[in-house]
Amino acid sequence: FTGSHNSTIRFRSALALATAQGFEPHLVVVDHAPGGLFREFVPAIDWLLQRTPRPRFVLLMRDITFGPEQTRSIWQGERVISLLDEVYDDILIYGDQRVFDPVTAYNLSDVAAAKSRFCGYLAPLPPRRTPEQVRHELQTGETPLVVVSAGGGHDGGPVLRAYIEGLRHRDTSPVSSYIVTGPLLSEAERRDIERLADGLPSTRIVEVDPDFAAAIRAADAVVSMGGYNSVAEAVYFGKRPIIVPRLPGPEEQVLRAEGFRRLGLASVVMPSTLSAETLWHAVEASLATALPASNPPEFDGLNQIAQELSTLQGG
């Protein structure tokens, strides 16, 4: 399908409406955007509200949508705030209120707050390889393993370069490094990073790892950006990730990084202070911390949401 942005939204909106009319659901679950992207789901909502009995509507929310001002601005611009009060029967948040409280931060009404529930973070899929298998593949021996990820990679170059530059000048005990650049890192940057790492011992660079959770579980220290999956995955496996949140851009990653740091579950290196020295100071501190983080968040979000939806459907 090709065409303008507006024609794409019209097509998706018509498809959503036709789907609602064809199935006449008893339970409607919407993720992330209350009205769908650019209000594309609103015509379907309006049609469903005319049904008798009307279906039950549930909104799923990630721990952090965007920063408070940006989120409120988007909701106001798309005229969906009223949906939270008048349409949605339940708001299920897959996150931890201690890390970030969208009910307060986004200034939800008392009506919306009363039907909001925190379900915990979504756990990653079980790794296919054991830590021993990962370490054997990487030939780490007895050296600590540092796993570095740039997420999708399109803006992860500075993090990767800072890590490798620090590794080149490091003169303390050896480490093994496993660096995943991400598929969106430009080819030119990937070549530069590979050249920078050329000759470094015990250093493996790959574009993607389909079983990356296994590497996280095997790691002694983790460096990542601040996306939901990256941070949740590391904390789930008992690591204190060193997070370099994405900037410029939405505040989401900064807020998540600061929330986990505040609970003692991560350390943060801001892009404005990122250098080989600051990043490796955090890595060395992480390697020296042997005790697991205390009081981690719950990671039963998938089961909790499934149970909630099952109860709602049964009711």
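Right above here is the structure, for reference.
Just so we're clear, the structure is a prediction, and the values are computed from it rather than from any experiment.

Reading the values: rules and limits
- Residues numbered from 1 in each chain as written.
- Predicted model: local features only at pLDDT ≥ 70, side-chain atom pairs only at ≥ 80, totals over all residues.
- Heavy atoms only, no water.
- Axes fitted to C-alpha atoms, helices over the stretch in contact; angles between N-to-C directions.
- Helix = DSSP H or I, 4+ residues; strand = E, 2+ residues; numbered from the N terminus.
- Parallel < 35°, antiparallel > 145°, perpendicular 65-115°, else oblique.
- Contact = heavy atoms within 4.5 Å.
- Nonpolar A, V, L, I, M, F, W, Y, C, P; charged D, E, K, R; others polar.
- Phe/Tyr/Trp six-rings, centres within 6.5 Å; stacked < 30°, edge-to-face > 60°.
- Buried < 20%, exposed > 50% of the residue type's maximum accessible area, 1.4 Å probe, protein only.
- Pairing = 2+ DSSP bridges.
- Core = buried A, V, L, I, M, F, W, Y, C linked by side-chain atoms within 4.5 Å.
- Salt bridge = Lys/Arg side-chain N within 4 Å of Asp/Glu carboxyl O.
- Right-handed = clockwise from strand over helix to strand, strands pointing away.

Draft legend 1. Spotlight on the packing of helix 8 (residues 157-168) against helix 13 (residues 276-287). The contact between helix 8 and helix 13 brings their axes to 8 Å, and the two run at 75°. When the axes of helix 8 and helix 13 are compared, the pair comes out roughly perpendicular. Here V159, A162, Y163, E165, G166 and L167 of helix 8 come into contact with helix 13, specifically with A276, L279 and W280. Counted by class, the contact of helix 8 with helix 13 contains seven nonpolar, one polar and one charged residues.

Draft legend 2. Seen up close, the packing of aromatic side chains. Inspection of every chain in the model, using the stated rule, returns ten aromatic pairs. Ring geometry for F100 and Y106: centres 5.7 Å apart, planes at 55°, overall tilted. Just as F100 is buried, Y106 falls in that class too. For the ring pair Y121 and Y228, a centre distance of 5.4 Å and an interplane angle of 40° mean the geometry is tilted. A residue pair is termed long-range when its members are at least 10 positions apart, and Y121 in the loop between strand 4 (116-118) and helix 7 (131-138) and Y228 in helix 11 (residues 228-236) qualify at 107 residues.

Draft legend 3. Focus on helix 12 (residues 252-262). The set of residues buried in helix 12 consists of E252, Q253, V254, R256, A257, G259 and F260. Buried residues belonging to helix 12 abut strand 2 (56-62), helix 11, strand 9 (242-243) and strand 10 (267-268). Of the residues one or two after helix 12, G264 is the one with positive phi, at around 75°.

Draft legend 4. Up close: the pairing of strand 7 (residues 203-206). Relative to strand 7, strand 6 (residues 176-180) runs parallel, the two being bridged by four bridges. The residue bridging V180 from the neighbouring strand is V206, located in strand 7.

Draft legend 5. Molecular detail of the sheet that holds strand 2. Strand order in this open sheet of four strands is 1-2-3-4, and the pairing throughout is parallel. Bordering the open sheet on either side are strand 1 (27-31) and strand 4, each of which pairs with just one other strand. Neighbour to neighbour, the strand axes of the sheet diverge by 20° on average, direction disregarded. The pairing of strand 2 with strand 3 (residues 90-94) spans five bridges and is classified as parallel. Across the sheet, the residue bridging to M61 is I93, located in strand 3.

Draft legend 6. Main features of the nonpolar core. By size, the foremost hydrophobic cluster in this structure holds 47 residues, and its most contacted members are L84, Y88 and F260. With five residues, the top contributor of residues to this core is strand 2. When near neighbours in sequence (up to four residues on either side) are disregarded, Y88 contacts V30, P34, I45, F57, V58, L59, L83 and K115. Residues L160, I164, A221 and I242 belong to the second largest nonpolar core, which totals 24 residues.

Draft legend 7. Layout of the sheet that holds strand 8 (residues 221-224). Pairing is parallel in the open sheet, where six strands are placed in the order 7-6-5-8-9-10. The outermost strands of the open sheet, each flanked by one partner alone, are strand 7 and strand 10. Here strand 9 pairs with strand 10 via two bridges, running parallel. The residue of strand 10 that forms the bridge with I243 is V268.

Draft legend 8. Highlighting the packing of helix 8 against helix 9 (residues 187-197). Two elements in contact, helix 8 and helix 9, have axes separated by 9 Å at closest approach and are oriented at 10°. In this view, helix 8 runs roughly parallel relative to helix 9, as classed from their interaxial angle. Contact with helix 8, carried on its side by G157, L160, R161, I164, E165 and R168, involves E189, I193, L196 and A197 of helix 9 and no other residues of that element. Per-class residue counts for the contact of helix 8 with helix 9 are five nonpolar, one polar and four charged.

Draft legend 9. Fine view of the pattern of salt bridges. Counted according to the given criterion, the structure contains 21 salt bridges. We note a salt bridge from R191 to E187, for which the minimum N-O separation is 3.9 Å. Pair noted here: R191 and E187 are both in helix 9, with a separation of four residues, about one helical turn. Across the pair D192 and R195 runs a salt bridge whose closest N-O atoms are separated by 2.3 Å. Note that D192 and R195 are positioned in helix 9 at a spacing of three residues, about one turn of the helix. Judged by its relative accessible area of 37%, D192 is partly exposed. Exposure remark for R195: the relative accessible area of 55% places this residue in the exposed category.

Draft legend 10. Structural detail: the pairing of strand 2. The buried count for strand 2 comes to five of seven residues, which makes it a mostly enclosed element. Bridge count between strand 1 and strand 2: five bridges; the pairing is parallel. Residue pairing in the sheet places L27 in a bridge with R56 of strand 2. For the handedness criterion, the β-α-β arrangement of strand 1, helix 2 (residues 42-49) and strand 2 is classed as right-handed.

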